[in-house]
Structures are given as structure tokens and as C-alpha cells.
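Structural description and commentary
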Protein chains: 4
Amino acid sequence: MTTERMEAFSDGVLAIVITIMILELKPPDGAGFGALREVLPAFLAYVLSFIYLGIYWVNHHHMLRATEHVNGKILWANLHLLFWLSLVPAATAWLGEHPAATAPTAVYGLTLLMPSIAYFILQNAIIAHEGPSSSLAAAVGGDVKGKISPLLYLAAIGLAFVRPWLADAIFVLVALMWLVPDRRIESRLSHPPHPARLVGE
Amino acid sequence: MTTERMEAFSDGVLAIVITIMILELKPPDGAGFGALREVLPAFLAYVLSFIYLGIYWVNHHHMLRATEHVNGKILWANLHLLFWLSLVPAATAWLGEHPAATAPTAVYGLTLLMPSIAYFILQNAIIAHEGPSSSLAAAVGGDVKGKISPLLYLAAIGLAFVRPWLADAIFVLVALMWLVPDRRIESRLSHPPHPARLVGE
Amino acid sequence: MTTERMEAFSDGVLAIVITIMILELKPPDGAGFGALREVLPAFLAYVLSFIYLGIYWVNHHHMLRATEHVNGKILWANLHLLFWLSLVPAATAWLGEHPAATAPTAVYGLTLLMPSIAYFILQNAIIAHEGPSSSLAAAVGGDVKGKISPLLYLAAIGLAFVRPWLADAIFVLVALMWLVPDRRIESRLSHPPHPARLVGE
Amino acid sequence: MTTERMEAFSDGVLAIVITIMILELKPPDGAGFGALREVLPAFLAYVLSFIYLGIYWVNHHHMLRATEHVNGKILWANLHLLFWLSLVPAATAWLGEHPAATAPTAVYGLTLLMPSIAYFILQNAIIAHEGPSSSLAAAVGGDVKGKISPLLYLAAIGLAFVRPWLADAIFVLVALMWLVPDRRIESRLSHPPHPARLVGE
């Protein structure tokens, strides 16, 4: 079973999830520039979520390029990831309406935490199928960012109960950390890793 | 005529139907965690329908992999299936608003029953086109799950008039029954069935 | 320039247009079966439009299979067709709200008339590019259905001012007329037309 | 890394953005033809934005045909372009509600200005990756339209504060200017440019 149709379906869902968010961004009430201010929090929440979904799309893209075959387990792990990502628009809309409140901030953190775990499960399902000597297994290596992110989301969820804006700061920080595209996979694919170097990593 | 464009179109519709459901999942009124409780039934209905549509997508994927050519009849049988699946979001939203009521539960059961029949028709149209000795014909074999499911949906529709929560239990049960991906087709494609073994099934 | 990306984009738009219609089909107010009756006209309008868009998708599919190359003019003729088809959901929703009224019926007729003209323009742009001896030129031949349909839509628009239900009857009639898939192209592609037989058509 | 998946994803987003706009085009209140007049500004804004997005899709299509490989930077430049294009539906809806007001007109101009800059960045990222001797670099040449358009959008944003209808006139003018598809790339690809002729351009 090739990865093609799973890629196409994932692209479809991700493209729709990204653009569904803009549907939640209602045109302002009233015709003045002042009306724009009230939609500003919703707009900023949209920008942040757009970047997060963009990060997932780019990394998903890189991961599937390093994947040669998929099985039923991988299809379901992928659907599981898409399920959690599909909750992002609703959480974004809630956060945009109540940017300083605890519950929407914590729930937003949860809708970032869950796909990061689902992505990890999907990555492991692919590596289990492709084998430990596959290019993907070598490429993800230590996967520091993938392991730190869930911890940071957890911290943000906790901080949402104390200082919601600190949680927001963490969301922005993690996004910036990931904006650097995952060059590990890219470079490994062009230059197959030298076994000796792998040890040192 | 190859199956490619029909697959792409089906993926498009399924991806949209899945994500349209989240649009019906409005952000809660109010900023507290209590506001989440009122959207819980809608959320659970969303999870169930997401799983059902995921099942259809995965099985549809497996079926078309075992299909080599399509004709006009198959295109229409596929559109027929997509039509019924496109009703799932509206039925899900109605059930989410009135989780304990008879009519929304029965209608939800109907929107599960009809695509299961449409899937059966599509499967038969493909087998009629590919021939009884095709790999798909051998793979679906007795198709016990495909035959039991419509009966269980019918039972659930009946139970909706007595105890709606029993109907809900059946919806969950059938979903769990299908969550095991259709390994029959997968395994048959990798290991062409031995005629003698087919008899014993 | 190959037809692939134009097909993929058209499929995307058509898939979305089809499923956007279901978004307009709001869950009924209230939890009883009686509440279903009030959404019945909207549901029937949805079914009719779903069939129309299905017809366009299947015929578009057949036409592009008979097309080998596209140019800028064809891309725009295709966008023109998609533009008119994109109006169908709004017209369907309006008709579903006021099924017996003149204006929504006439406007619905217009949103069927315009894509039928746009389809004709697209077909001609493809034939102009592929040449009169192309398989598509031979396949569309007299194209009786394609020429009668706009006239019937025009008649329906006129009848909407007198008896809206007569216009509805014509909409159903034309849909049934087209539901027979366009076998002309299908058969020509499998059996290249014999020049002598073309004369007799 | 091939351009295929980036094309597919872009098509998905563009197809959805285009059709999301129609969702904002609510069916008129009331059943008479008079009710159509109140949705006319929203309809005209929809037509204009549909043409703009169509222009982006066709030019994006031409550009990626002239592109052989993509890297992470190009993926992000493409997401950046899609981000700005995803704002067009909301700006269109706001302009459609308040067609004669300054703020919606200026914001609409901004949602045309930003993607024109993003497109320029994407084009440069591709040329930087493909090399100055690539067919794309030769094809875009002086790129007069691409350089004039942002200036015209800027002028329109300024005019929105004085005479909003003059800004609207510029939006229509730029659309007409682009409706002529970008034949430069098309012709260069069929007839590789003669070095001597490039100098004269």
C-alpha cells in the first residue's frame, strides 16, 4: 500500500481545517476601523493556529516523504492525528472570543497537546512498519523538539489557571521553535547518515 | 477508466464531510469550564461520527485498491454513497442538540443505515464489473460485518422509540466492531487465496 | 499542459460545492419528527442539486478523459463553469426556504441555465484546442441533451412566474434526462467512430 | 522534493477559499426579487474576489509548471501566500456588507496587497532555488504586472479614505489587467528564450 492516497486525504483535511478557521473569523460589526479592534484577538488566535497547522502540514509532508509503505495501523494513527487537529478551529474560536480566560486557554493548550502526542504515535507506527534501519528512524533520531513540545504544552495548560498570558507566550514560543523546518529529515535524505556519526548524536 | 479520479473526488468529499461536522460544533457560550459541559453531547456525537466516517474512508480505500477499472454505473453508485454520507453532519448536529430524544436518534440511525446499503450496492457494482473471480470478490467473501451492520442499525432505529440510549449503545458497538480494519482484503491481496481454503470459509 | 491539475482543482471545487449545500441544511428546530417536516423542502432541494452537481461532475470527468491538453483559455472556461456551479448552494438554500415562490424558483433556474452555457463554452474551447478530428469532437456529435437543456431551463424560468411547481417539474425532468450517463463519449473512446457511421448520425 | 504535493495542497486551500466565499453569500431575506437587490453588493464583491482568486490559481499553476524542485523555504513561502489569500473571504464579506465605507474598502485593498507581495516572495524563493538561468527566471523577466499591481493596491487603499468607489474602480482595473493569462511563461516553456532576445526585454 503506497502513501499517496493517505497523503492526499491528509492534505484535504488539513487544507479544510486551516480554512475552516477563517470561517469562524466573522466580519466585524460596523463599518469603521474601530470595529477591527474587537476582532483582533480572534485574528491573532487565527494567525497562531494557522502557523501551528502549517507546521504540522510541513512536518507531515517531510515524514511521509521518508515513508515508503503504510498499513491499516498507520491509516488509523493518521486519522487519529487528523481528529485532534480538526478540533483546533473550535478551540481557536473559543480562545479568540475569551483571550484572557482560563478555560479557553487551557482547552487550546489541550488541542495542541493531543496532536503532538498523536503525531508521536503516528511516527512510531511508521517506524515500526519501516524498520529501525529505515531513513525515517535515523532522521528523527533524538527528536528533541517532538519530546519537549508536549511538556511545554502541559506547562502552558497549568499556567492557564494562574496567568493565561504566560500560556499564550508558551504557545508562541513553541510555534517559533518549530518554524525552523525539520531539516534533520531533509538533510538525512540527501546525505544518508554515516553510522559513526549517528552514535555521536 | 481508472479509479484514480473517483478516489480523489471521494477523498475530497469525505474529508470535507468529516471536517464540516466540526463546524457544527460551536464554541461554548461563556468562558468557564462549565460551558464545556453543555457542548459535551455534541462533542461525543462528533467523535462517533468521525469514527464512522473514518471507517468508511479506510474501507473505501481498501475496496478501491482491489478495483482496477470503473464504469458509469460505479461512478453513480459512489455518488450515491457520498450522498448518504453527506447527511451525517446534519444528523450528528441534531443528535448532539437532543441526545436523549427519539427522532434525532432514529434519524441518526437512518443516516448510518443508508450508507451501509449504498456501500453494499457500490461493492456489488464493482464486483459485477470486475468479475466473480476478481480479487475483490474473493476478498469480501461472506462479508459478515457488512451484512450484520444494517440489521443492527435497523434494531437501533426501532430501539430509539423505546430507549434512545440503547440505540446509542448499538451505534458505539457497531463502530467498535468495524474499528478492526478490514484485514480480509489486505491479506488476500498480499496472499492470493488458495481455492481450497476459500471453500472452508 | 496536461489536464491533471485542472481535474484535481475542479474536483476540489465540486466536492466542496456539493458538501457546502449540506451546511445550509440546518438541523430542525425541536426534537420531534414533526420538526423534520419543516426541513423537507430544503432537503428535496438539496437532493435535486446534489444530483445536478453529480451530473456535472460525471460529465466533466468524461469530457476531460477525452481531452489531452489544456491551454489558458480552457483553464478560464473551466473557472467560469465552476463560478456558476458555486452559486448553486445559495440558490438551493433560497429555494428550500420558499419552495412555492416565483423569485427563488426563477433564480434557481438561472443557476442551472448559466452552468449549462458555461459547460458548452468549455466544451467548445476544448474542441477548438484539440481539433475537429479529436475524439471529443466526434463523441459530443449532435449533443442533443446539451442543446435542449438550456431551452428547458429557460422555459422553467418563464413558468416560475406562472406556476412555480411546473418549473420544479422541469428541473426534475432534465435531471432524469441526464442521469443516464453520457455513454456517447464512453463508447466512442472504446470503439473509435467509423467515418461512414458519423455521416449517418 | 517534487512540487506535486505542494500543488495539491495549494489547490485544496484555493478551492476551499473560493467556495468559502459563497458561504458568506447568504440567501436573501424574503421571497421576492426585491430581496435580491440587498444582496447585490455582496454578490459583486464575490464575483470580484472569485476572479482575483482565479487569477492567483492560474498564475500559481503556470509558475509551478516552470518549477522542478521545492525546498522548505518554498513550502513556507507558499503557506505565507495561502495565509493572505485565506483572508480574502472575510474581507469580501465585510466589503459586501458596507460597500461604500472606508474601512472595509481599505482592508479589502490590504487583502489584495499582501498576497501580491507574498506571491513575489514565493517567486523569488523559487528562482533562488532553481537558479537565475532557470526557465522561470527567464519567463518572469521584467514582471511589469507583478510590480505595478502592489502600487495600484496601495493607491486604492489611499483612495479608500477619500472616494471608496475610486478604490473599487482600481480593484476592477487590476483584475482586468491580470485576466489576460500570463502568456509569458507559457510561451517561454514552449519556445526556450533566445539569449539575445532576453537582452532586449
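Residues numbered from 1 in each chain as written. Chains lettered and ligands numbered in written order. Predicted model: local features only at pLDDT ≥ 70, side-chain atom pairs only at ≥ 80, totals over all residues. Heavy atoms only, no water.

1. Let's talk about the overall build of chain A
Secondary structure summary: chain A contains 11 helices and 0 strands in total. Reading the secondary structure of chain A in the N-to-C direction produces α-α-α-α-α-α-α-α-α-α-α. Contacts spanning at least 24 positions in sequence make up 79% of the contacts within chain A whose residues lie at least 6 apart. As displayed, chain A offers around 8,100 Å² of accessible surface, 69% of which is attributable to carbon and sulfur atoms. (Helix = DSSP H or I, 4+ residues; strand = E, 2+ residues; numbered from the N terminus. Contact = heavy atoms within 4.5 Å. Areas by Shrake-Rupley, 256 points an atom, 1.4 Å probe, with all protein chains shown as cover.)

2. Brief notes about the interface of chain A and chain D
Taken together, the contact pairs 36 residues of chain A with 32 residues of chain D. Across the interface of chain A and chain D, roughly 2,800 Å² is buried in total on both sides, 77% from carbon and sulfur atoms. For the pair chain A and chain D, the number of links is 3 residue pairs in polar contact (both at pLDDT 80 or more). For the side of chain A that touches chain D, the secondary-structure elements that each account for two or more residues are α1 (4–24), α2 (34–38) and α3 (40–65) of chain A. Here the side of chain A that touches chain D takes 14 residues from α3(A), the largest share from any one element. (Buried area = accessible area lost by both parts, 1.4 Å probe. Polar contact = N/O pair within 3.5 Å; in protein donor to acceptor, adjacent residues only side chain to side chain.)

3. Description of helix α1 (residues 4–24) of chain D
Between its first and last C-alpha, α1(D) extends 31 Å over 21 residues, near the 30 Å set by a 1.5 Å rise per residue. Burial analysis of α1(D) places 17 of its 21 residues in the buried class, which makes it a mostly covered element. (Expected span 1.5 Å × (residues − 1). Buried < 20%, exposed > 50% of the residue type's maximum accessible area, 1.4 Å probe, protein only.)

4. What to know about the relation of the copies chain A and chain D
When chain A is fitted onto chain D, the two copies agree to an RMSD of 0.0 Å after a turn of 90° and an axial shift of 0.0 Å. Such values leave the two copies arranged in the relation of a four-fold axis. Closest approach to the rotation axis within chain A is made by the C-alpha atom of A:G12, at a distance of 4.4 Å. When you check the interface residues of chain A against chain D, a mere 6% turn up at the interface there too, and the two sides of the contact use different surfaces. (Least-squares fit on C-alpha atoms with pLDDT ≥ 70 in both.)

5. Description of the relation of the copies chain C and chain B
Here two copies of a chain appear, and what relates them is a rotation about an axis with a shift along it. Screw-axis analysis of chain C against chain B gives a translation of 0.0 Å along the axis, an RMSD of 0.0 Å, and a rotation angle of 90°. When you check the interface residues of chain C against chain B, a mere 6% turn up at the interface there too, and the two sides of the contact use different surfaces.

6. Observations concerning helix α8 (residues 144–160) of chain B
All names here are of chain B. Its 17 residues give α8 an end-to-end C-alpha distance of 24 Å, which sits within 8% of 24 Å, the value for a rise of 1.5 Å per residue. Listing the buried residues of α8 in full gives K145, G146, S149, P150, Y153, A156, I157 and A160. The arc that holds the buried residues of α8, viewed along the axis, is 135°, so those residues lie on one side. α8 presents V144 and L151 as exposed residues on the side facing more than 90 degrees away from its buried surface. On its buried face, α8 sits against α3 (40–65), α6 (102–130) and α9 (164–179). (Arc of directions from axis to C-beta.)

7. So, the environment of C:P89
Looking at the element boundaries, C:P89 is found in helix α5 (residues 88–97). A residue is classified by how much of its surface remains accessible, and C:P89, at 2% relative accessible area, is buried.

8. A short note on a nonpolar patch on the surface
On the surface, a cluster of nonpolar side chains totalling about 300 Å² of accessible area is made up of A:F33, D:F161 and D:V162. Tracing the backbone shows D:V162 in the loop between α8 (144–159) and α9 (164–179). When its relative accessible area of 54% is taken as the criterion, D:V162 is described as exposed. (Patch = residues over 30% accessible without salt bridge, like charges linked within 9 Å, V, L, I, M, F, W, Y side chains within 5 Å. Salt bridge = Lys/Arg side-chain N within 4 Å of Asp/Glu carboxyl O.)

9. Here's the deal with the confidence of the model for chain A
Residues and elements named next belong to chain A. The predicted model of chain A averages 82 in pLDDT, with 86% of residues at 70 or higher. Within chain A, no element has a lower average pLDDT than helix α11 (residues 195–200), which sits at 32, and none a higher one than helix α6 (residues 102–130), at 93. A low-confidence stretch, residues 189–201 (pLDDT under 50), is modelled with 9 contacts involving residues beyond four sequence positions or located in other chains. For this predicted complex, the interface score ipTM comes out at 0.72, alongside a pTM of 0.76. (pLDDT = per-residue confidence, 0-100.)

10. Digging into a positive patch on the surface
Together, A:K26, B:K26, C:K26 and D:K26 line one region of the surface with positive charge. The exposure class of A:K26 is exposed, given its relative accessible area of 56%. (Lys, Arg positive; Asp, Glu negative; His and termini not counted. Charge placed at Lys NZ, Arg CZ, Asp CG, Glu CD.)

11. Topic: the interface of chain C and chain B
Accessible area lost on assembly of the parts is the figure often given for the size of an interface. Counting residues at the interface gives 36 residues for chain C and 32 residues for chain B. Taking both partners together, chain C and chain B bury about 2,900 Å²; carbon and sulfur atoms supply 78% of that area. In this assembly, chain C and chain B are joined by 0 salt bridges. For the pair chain C and chain B, the number of links is 3 residue pairs in polar contact (both at pLDDT 80 or more). At the level of elements, α1 (4–24), α2 (34–38) and α3 (40–65) of chain C are the ones that each hand at least two residues to the side of chain C that touches chain B. When residues of the side of chain C that touches chain B are assigned to their parent elements, the largest contribution, 14 residues, is made by α3(C).

12. As for the packing of aromatic side chains
Counted by the stated rule, this structure contains 36 aromatic pairs over all chains. Ring centres 5.5 Å apart and planes at 10° place the aromatic pair A:F161 and B:F33 in the stacked group. Pair noted here: A:F161 is in the loop between α8 (144–159) and α9 (164–179) and B:F33 is in the loop between α1 (4–24) and α2 (34–38), and the two residues belong to different chains. Take B:F33: its relative accessible area is 38%, and that puts it in the partly exposed class. Of the aromatic side chains, those joined through ring pairs into one cluster are A:F43, A:Y46, A:F50, D:F83 and D:W84. (Phe/Tyr/Trp six-rings, centres within 6.5 Å; stacked < 30°, edge-to-face > 60°.)

13. Some remarks on the side chain of D:E7
Structurally, D:E7 can be placed in helix α1. Setting aside anything within four residues of it in sequence, one finds D:E7 in contact with C:R5 and D:L64.

14. Some remarks on a negative patch on the surface
Together, A:E4, B:E4, C:E4 and D:E4 give the surface a local cluster of negative charge. Tracing the backbone through its elements, the reader meets D:E4 in helix α1.

15. Examining the environment of D:S149
Residues and elements named next belong to chain D. Here S149 is to be found in helix α8. On the basis of relative accessibility, which here comes to 2%, the residue S149 falls in the buried class. Spatially, the C-alpha atom of S149 lies 23 Å from that of R65, the residues being 84 residues apart in sequence.

16. Topic: the packing of α8(D) against α9(D)
When two helices pack together, their arrangement is given by the angle between their axes and by how far apart the axes lie. Residue and element names in this part refer to chain D. Look at α8 against α9: their axes get within 8 Å of each other, and the N-to-C directions meet at 165°. In terms of axis orientation, α8 runs roughly antiparallel to α9. Here α8 runs over α9; the crossing is left-handed. Contact residues: α8 offers K145, G146, S149, L152, Y153, A155, A156 and L159, while α9 offers P164, L166, A167, I170, F171, V174, M177 and W178. A breakdown of the residues in the contact of α8 with α9 according to their chemical character gives 13 nonpolar, 2 polar and 1 charged. (Axes fitted to C-alpha atoms, helices over the stretch in contact; angles between N-to-C directions. Parallel < 35°, antiparallel > 145°, perpendicular 65-115°, else oblique. Left-handed = near helix turned anticlockwise from the far one by under 90°. Nonpolar A, V, L, I, M, F, W, Y, C, P; charged D, E, K, R; others polar.)

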